[in-house]
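# Secondary and tertiary structure notes
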Amino acid sequence: MVSIARAAWIDAAGIRYWLGLLPVVIGLCACAPAAPKSQQTASAPQNLVWPRPPDQPRFEFETLLQSLADITVENNSTEARWQRAIRGQPEISKASDATVIHKPSAIVSRSGRVYVAEPATKAITVFDAARKKLFRFGLRVPNALQRPQALALDDEGKVYVLDPLLKKVMIFDAMGLFVYSIDLSNGFTNPVGLAVQGNGETIYVVDRGNVEEDDHKVVALNPEGEVRFILGPRGRGAGQFNILLAAAVATDGTLYVVDSGNFRIQAFDSKGAFKFQFGGPGAELGRFSRPRAIALDSDGNVYVSDSGFNNVQIFTPDGKLLMPLGRLSREPGPGNYALIAGIAVDETRRLYVMDHYFKKIDVFRWLGNNESRRLPATEQKIPD
């Protein structure tokens, strides 16, 4: 176990609260499959901060997103959230309490808006905390979505949506108005992931390829859809992939790719040259079972969700483990996951974690060094 007290974290100055804390809603009770012993702590008590004392806390559970009610309830104090949870339901109408996420494929967040790709609704669902609204886009013809699979944001807040049925990357503004599209009808087999350089000059499409073929690759495109370079093909060597699933781009241009079938993360420079890799198969922390999604924070730290361990592992930009967050559990509480999926980190370093089984998005607030040291012990555990 890596102690967070020994991890080399950097303060995130200027972190602000989201506009109002959102209420906690009790999830669904369920059973989950077993995890490797070294990762499973199903009998451990729930907690509100990670890592747990005596290590210095770095993240605090803030809220849960499932419905419109989660961004409209007025009393959003920590005590009020838990009181509503204990009672079983928040004091809101049944219509606004309806779960609006079911089996989302991707998530991104910026400026108080959380964008969720929902293939079943053929749309992007947006939790807009600033306006206390929930809306969808991608429904208007002739630019309607068919199966939104992956999401990415550029520095201007434009939303990039990979739609494999349309064989396009669809680009919308922050409020969901269509801007333009990039055609993917040639040269792609099974596109599943998307990443965008901050300035929008390079769009990376992750092509999982066929199980029996070697066309496992990442294609780098310019905004006009012209190919800049291709990474791959299938293999175990540096720069090769086996069932790759997702990617993310750091501010320095480094591209991180989830090479799931090889149980690793590979890093490349902005021209496609291999830099390094980390991870590997295994049950211990720092390794992977089923790496699935990836996100980066403003310091370049790398967050990787693992649907085998049902946690998020956080690494330095060069691949050194900082800490894990979350665990496999049969109880749908904060940080408990049975089928973890996409993750996102916004400009405030809030971490968003989706779980398909509990149909929820957990939101975790980053604690700066000074704040985490001041956190009272009474706030470090869920009340009985």
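All values reported here derive from a predicted model rather than from experimental measurement. (Residues numbered from 1 in each chain as written. Predicted model: local features only at pLDDT ≥ 70, side-chain atom pairs only at ≥ 80, totals over all residues. Heavy atoms only, no water.)

Okay, the overall build of the protein chain next. A tally of regular secondary structure across the protein chain gives two helices and 27 strands. Across the 384 residues of the protein chain, 57% fall into the buried class. A separation of at least 24 residues holds for 51% of the contacts in the protein chain among residues at least 6 apart in sequence. Accessible surface for the protein chain amounts to roughly 16200 Å². Of this, 51% is attributable to carbon and sulfur atoms. (Helix = DSSP H or I, 4+ residues; strand = E, 2+ residues; numbered from the N terminus. Buried < 20%, exposed > 50% of the residue type's maximum accessible area, 1.4 Å probe, protein only. Contact = heavy atoms within 4.5 Å. Areas by Shrake-Rupley, 256 points an atom, 1.4 Å probe, with all protein chains shown as cover.)

With that out of the way, let us pick up the sheet that holds strand β4 (residues 113-118). Pairing within the open sheet is antiparallel, and its four strands lie in the order β3-β4-β5-β6. With partners counted over all chains shown, the strands left at the sheet margins are β3 (106-110) and β6 (133-137), one partner each. Shown here is a sheet whose adjacent strand axes are inclined to one another by a mean of 20°, direction ignored. Relative to β4, β3 runs antiparallel, the two sharing five bridges. Directly across from A106, in β4, lies its bridge partner A117. (Pairing = 2+ DSSP bridges. Axes fitted to C-alpha atoms, helices over the stretch in contact; angles between N-to-C directions.)

In terms of nonpolar packing, the biggest core is built from 21 residues, with F59, Y303, I343, L351, V353 and F364 touching the most fellow members. Among the elements of the structure, β2 (59-65), β19 (291-296), β21 (311-315), β22 (321-325), β25 (340-345), β26 (351-355) and β27 (360-366) are those that each provide at least two residues to this core. Ignoring anything within four residues of it in the chain, the contact list for V353 reads V312, Y337, I340, G342, I343, K360, I361, D362 and F364. (Core = buried A, V, L, I, M, F, W, Y, C linked by side-chain atoms within 4.5 Å.)

For the rest of this paragraph, the subject is unusual backbone geometry. The general pattern is negative phi for most residues beyond glycine and trans for most peptide bonds. A cis geometry characterises the amide bond from W50 onward to P51, with omega recorded as -10°. Structurally, P51 is set in the loop between β1 (49-50) and β2. In this structure, the amide linkage connecting V141 to the following residue, P142, adopts the cis form with an omega of 10°. In this structure, P142 sits in the loop between β6 and β7 (150-153). One non-glycine residue with positive phi stands out, namely S111, at about 55°. Examined against the element boundaries, S111 turns out to sit in the loop between β3 and β4.

All told, the structure shown has 13 salt bridges when counted by the stated rule. A salt bridge links E60 to R365, with the nearest nitrogen and oxygen atoms 2.8 Å apart. Pair noted here: E60 is in strand β2 and R365 is in strand β27, with a separation of 305 residues, a long-range link. Owing to a relative accessible area of 4%, R365 belongs among the buried residues under this scheme. Between D362 and K360 there is a salt bridge, with the nearest N and O atoms lying 3.1 Å from each other. (Salt bridge = Lys/Arg side-chain N within 4 Å of Asp/Glu carboxyl O.)

Next up on the list: the sheet that holds β1. Here we have five strands laid out as an open sheet, ordered β1-β2-β27-β26-β25, and antiparallel in their pairing. With one partner strand each, in any of the chains shown, β1 and β25 form the two edges of the open sheet. Here four bridges tie β25 to β26, and the two strands are oriented antiparallel to one another. Directly across from I343, in β26, lies its bridge partner V353.

Our next topic: the environment of P334. One can find P334 in the loop between β23 (327-328) and β24 (336-337). Overall, P334 belongs to the buried group, its relative accessible area being 5%. When the C-alpha positions of P334 and F61 are compared, they lie 6.6 Å apart, and in sequence the two are 273 residues distant.

The next subject is the packing of aromatic side chains. This model, assessed by the stated rule, comprises 15 aromatic pairs. With a centroid separation of 5.8 Å and 75° between ring planes, the pair formed by F172 and F178 is classed as edge-to-face. Three or more aromatic residues joined by ring pairs form one cluster here, namely Y256, F276, F278, F288 and F315. When the ring centre of W366 is taken as origin, the NZ or CZ atom of R349, which lies over that ring, is 4.1 Å away. (Phe/Tyr/Trp six-rings, centres within 6.5 Å; stacked < 30°, edge-to-face > 60°. Lys NZ or Arg CZ within 6 Å of the ring centre and 35° of its normal.)

Attention now goes to the pairing of strand β9 (residues 168-172). Most of β9 sits out of view: four of its five residues are buried. Of the pairings in the sheet, the one linking strand β8 (residues 159-163) to β9 comprises five bridges and is antiparallel in character. Bridge pairing links D163 to K168 in β9. Between β8 and β9, which pair antiparallel in sequence order, lie four residues; one of them, K167, sits at a positive phi of approximately 60°. Bridge analysis of β9 against strand β10 (residues 178-183) gives five bridges, and the strand direction is antiparallel. Counted as the bridge partner of K168 is D183 from β10.

Attention now goes to the confidence of the model for the protein chain. Per-residue confidence for the protein chain gives a mean pLDDT of 83; residues scoring 70 or more make up 77%. Contacts from residues 88-95, a stretch scored under 50 in pLDDT, to residues over four places away or in other chains number eight contacts. (pLDDT = per-residue confidence, 0-100.)

This part is about the side chain of R264. When you line up the elements, R264 lands in strand β17 (residues 264-268). At a separation of 2.9 Å, a polar atom in the side chain of R264 contacts the main-chain carbonyl oxygen of Q240. (Polar contact = N/O pair within 3.5 Å; in protein donor to acceptor, adjacent residues only side chain to side chain.)

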